[in-house]
Amino acid sequence: MVTEPLILGEHRDSVLTLWLNRPSKLNSLTDELLDALCERLTEAGADSTVGAIVITGSGRGFCAGQDLAVAADADGGIDVSRHLRHHYLPVVRCLRDLRTPVIAAINGVAAGAGLSLALACDLRVAAESATLVNAFVRIGLVPDAGGSYFLPRLIGLARALEMAMLGETVDSEQALQLGLVSRVVSDTELLPTVHTLAMRLARGPLSLGLIKQLFNQSLENSFEQQLSAEERAQVQAAASADFVEGVTAFLTKRPAHFTGR
Ligand code: T3D
């Protein structure tokens, strides 16, 4: 029997688009799918021809979180700690640590750990018909896979608590109002729009990776620590060929052509 790959990929215009690919189960997450995603992300991070990554879902869903049938079938129950550490956390850490920008193209429902994956990405663009639900509480769990870290930081404690404690479904317009996603586009325009955005990032300067690192650090750092981190990052950015190109382009009144070096 031919089995479909759990992750589909397309590498075009310096953009790697990855589809979570279990459409009949709304791309719910199995260990195999998480491990395959981690492998693809790690490879992409080491590939200088990948300038930006897009994560989306096959079919009508983005990702419905942990595959609950697998969790229920586990012989003797799941060792949750081990499960999280070995399969979920490597993916979330990878998304966060990659210098390469990652965009979640939320094409349909993002629930539970599927929402957490989207929150761990750098940008989120939703299709009009997309919905987001912090589904953990509905089945007696707490937000995991970084969900309890990212949600309050993205939308504030009060709104995050409401979303996590009530487990209500948020539609794309509400998600935009909350700041959970930065853009909403029609369903048919989702992938073309995100591809264009990703191409723009892929053609960006070396400083993009430093910006990602710097802003993520700023959530933990004191003011003084952040000023030092800015200084270190700016020293690196100012030593890049892209800085020379950016300034030359400005002074000669032409568009800059960055090379990511
Ligand atoms: O193990 C650990 O380490 C713990 C980690 C936990 C992390 C988590 O993510 S916990 C949260 C898990 N996710 C959920 O609780 C969400 C469950 N799904 C839903 O509530 C609904 O499916 C949705 C609201 C997401 C979408 O509803 P709807 O009506 O659009 O679709 P549907 O009919 O419910 O689902 C379509 C199919 O996908 C259906 O299969 P069938 O009956 O056609 O064969 C459904 O069972 C399947 N499906 C959807 N979500 C999951 C799933 N199958 C397994 N696991 C799922 N999470």
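Read on for a plain summary of the structure. Everything quoted here is computed from the prediction, not taken from an experiment.

Rules and cut-offs
Residues numbered from 1 in each chain as written. Predicted model: local features only at pLDDT ≥ 70, side-chain atom pairs only at ≥ 80, totals over all residues. Heavy atoms only, no water. Near = heavy atom within 4 Å. Polar contact = N/O pair within 3.5 Å; in protein donor to acceptor, adjacent residues only side chain to side chain. Areas by Shrake-Rupley, 256 points an atom, 1.4 Å probe, with all protein chains shown as cover. Helix = DSSP H or I, 4+ residues; strand = E, 2+ residues; numbered from the N terminus. Nonpolar A, V, L, I, M, F, W, Y, C, P; charged D, E, K, R; others polar. Core = buried A, V, L, I, M, F, W, Y, C linked by side-chain atoms within 4.5 Å. Buried < 20%, exposed > 50% of the residue type's maximum accessible area, 1.4 Å probe, protein only. Contact = heavy atoms within 4.5 Å.

Another point: the site of the ligand. Lining the immediate environment of the ligand, one finds 22 residues, of which Lys25, Gln66, Leu68, His83 and Ala113 sit closest. Between the ligand and Arg60, the relevant distance is 2.9 Å, taken from an oxygen atom to a side-chain nitrogen or oxygen of the residue. Against a free-state accessible area of 1100 Å², the protein chains account for coverage of 66% of the ligand. Among the elements of the structure, α3 (80-97) and β6 (109-111) are those that each provide at least two residues to the shell around the ligand. When grouped by side-chain class, the residues that make up the shell around the ligand number twelve nonpolar, six polar and four charged.

In globular proteins that are soluble, nonpolar side chains generally tend to be buried together. With 48 residues, the main nonpolar core has Leu37, Leu41, Ile53, Ile55, Leu95, Ile106 and Leu132 as its most contacted residues. When near neighbours in sequence (up to four residues on either side) are disregarded, Ile106 contacts Phe62, Ala118, Arg124, Val125, Ala126, Ala127, Ala130, Leu132, Val181 and Leu190. If you look at the next biggest cluster of nonpolar residues, it comprises 14 residues, including Val54, Leu197, Ala198 and Leu201.

With respect to the secondary-structure elements, Arg99 resides in the loop between α3 and β5 (102-106). A C-alpha to C-alpha distance of 7.1 Å links Arg99 and Gly45, two positions 54 residues apart in sequence. Setting aside its immediate chain neighbours within four residues, Arg99 contacts Gly209, Leu210, Lys212, Gln213 and Gln236.

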